[in-house]
Amino acid sequence: MFPNSQKESHHTGDNQQVIPGEDKAKDPGLFVPFPSDRVCQPKKHIMFLKTHKTASSTIGNILYRYGDARNLTFALPVQKISQFSYPKLFTTSFVEGVSSGVVEYDIICNHLRFNKPELEKLMPKDTFYFSIMRHPVTMFESSYMYYKSIQAFSSTGTVEDFLDRGWRKYNPSAANNQHARNNMAFDFGFNNNISPNATDLEEQARVAIVAIERDFHLILISEYFDESMVLLKHMMCWSLDDVVSFKLNSRSEQSRRTPLPHIADKILVWNALDWRLYVHFNATFWRKVDTMLGREEMSREVSRLRQLRTELQDVCLQDGAPVNPQQIKDKRLKPFQYGIAVIQGYNLKPDLDDQTKMKCQRLITPELQYSTYLYGKQYKH
């Protein structure tokens, strides 16, 4: 596919990813320290970098619910749009209320391209910065299905077709083509258009890793979502109730395609920078687990979190599971459909009492609808 490209090792299964704790020799484990309080105080100043196709919509819902219940102030995009002028680098001018004198924000979690100096102008000094990464193989397959209409993918029939021939027509300047290569690196503010044969690939990866460790307190891992929520709970001084969720913006099984091993190898070569970021931060995630909780305690808390989710499913969901969009009865709760992916949603049980219905509805409200609701709540227009 690429002249003289170096073959990368990989793991493609959802339950068998990079071995927890690998890459120890190369990783200094230098996350920015967060000031520790003598008494644990729940964090309420939060910056979540919402990366693409990484289960970030589910985390966004967790943050929406947390802030909504406590009347915290969200930094929201101007003019009720869903993203902060992405893919441009973030500036404070993209935030509703800045021009009219709103100066206090608690949470920012809509899509943006990371720009720390501008975010520091907006958010309090004690803001907790975190994000999430996903294995590039499954992430790239998801991106291909969701962003099928972009220039990079539109003329190709399959992921393998793009990797074998379509990449030759890839134009990094074309609209939305950042989704076709090293999208995680791009979201973190770095150059994503780097060749796997570039002589400075390892140096660019090192620079990105150092910067992310400097700027973020925590990087979560999509493949270990429940473990990530437990670790987030501890670092935020929250409860399990605060981090329980249902999957949002998730595809139906019939629109998923598990790449074969030889295709996975090609994906890792094409996304060489993202692969290096993922390997590194998967390792740091598990070291943080070992330092803060230990594997046994993590396992116990994950079990409790899953039990709590099951209990909520039994209370809230008519079907007990997500359904395809045409089966959603309340069209106000239908998730946005894009590309050739089938994005699922939920039906609530009928005859729920008002308080239970409100709690359940917030758990299943898609990102666009929740963001619009918060906009109306804050700005009354």
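Residues numbered from 1 in each chain as written. Predicted model: local features only at pLDDT ≥ 70, side-chain atom pairs only at ≥ 80, totals over all residues. Heavy atoms only, no water.

Quick look at the environment of Y338
Line of reasoning, step 1. Mapped onto the secondary structure, Y338 falls in the loop between α12 (295-316) and α13 (354-364).
Line of reasoning, step 2. Assessed through its relative accessible area of 27%, Y338 is described here as partly exposed.
Line of reasoning, step 3. Considered as a pair, Y338 and S149 are 189 residues apart in the sequence and their alpha carbons are 9.0 Å apart.
Line of reasoning, step 4. In this structure, Y338 is in contact with Y146, Y147 and S149, ignoring residues within four places of it in sequence. (Helix = DSSP H or I, 4+ residues; strand = E, 2+ residues; numbered from the N terminus. Buried < 20%, exposed > 50% of the residue type's maximum accessible area, 1.4 Å probe, protein only. Contact = heavy atoms within 4.5 Å.)

Considering the pairing of strand β3 (residues 128-133)
Line of reasoning, step 1. For β3, a buried count of six out of six residues is recorded, marking the element as mostly surrounded by other parts of the structure.
Line of reasoning, step 2. The alternating pattern of β3 places F128, F130 and I132 on one face and Y129, S131 and M133 on the opposite face, and all of these are buried.
Line of reasoning, step 3. Where strand β1 (residues 46-49) and β3 come together, four bridges link them in parallel fashion. When the bridges of β3 are listed, M47 appears paired with Y129.
Line of reasoning, step 4. Pairing of β3 with strand β4 (residues 218-221) involves four bridges; the strand directions are parallel. Residue pairing for β4: M133 is matched across the bridge by I221. (Pairing = 2+ DSSP bridges.)

Observations concerning the state of the cysteines
Line of reasoning, step 1. Tallied over the entire structure, the rule returns two disulfides.
Line of reasoning, step 2. Note that C40 is cross-linked by a disulfide to C237, the S-S spacing being 1.9 Å. One end of the pair, C40, is in the segment before β1; the other, C237, is in the loop between α8 (225-236) and α9 (240-243), with 197 residues separating them in the sequence.
Line of reasoning, step 3. When its relative accessible area of 48% is taken as the criterion, C40 is described as partly exposed.
Line of reasoning, step 4. Disulfide pairing is shown between C316 and C360; the S-S distance is 2.0 Å. Its S-S torsion of about -70 degrees marks the bond between C316 and C360 as left-handed, since a negative value means left-handed. One end of the pair, C316, is in helix α12; the other, C360, is in helix α13, and 44 residues separate them in sequence. For the pair C316 and C360, one class covers both residues: buried. (Disulfide = S-S within 2.5 Å.)

Examining the nonpolar core
Here is a general trend for soluble globular proteins: nonpolar side chains tend to be buried in one another's company.
Line of reasoning, step 1. Formed by 113 residues in total, the largest nonpolar core has its most connected members in I108, F130 and M133.
Line of reasoning, step 2. Per-element tally for this core: the top contributor is helix α11 (residues 272-292), with 10 residues.
Line of reasoning, step 3. In contact with F130, other than residues within four places in its own chain, are I46, M47, F48, L49, I59, L63, F216, L218, L220, L232 and M236. (Core = buried A, V, L, I, M, F, W, Y, C linked by side-chain atoms within 4.5 Å.)

Description of the sheet that holds strand β2 (residues 107-108)
Line of reasoning, step 1. On the basis of which strands lie adjacent, the open sheet formed by four strands has the order β2-β1-β3-β4 and parallel pairing. Strands at the two margins of the open sheet, each flanked by one partner only, are β2 and β4.
Line of reasoning, step 2. In this fold α11 packs onto β3 and β4, with an angle of close to 105 degrees to the strand it touches most, β4. (Axes fitted to C-alpha atoms, helices over the stretch in contact; angles between N-to-C directions.)

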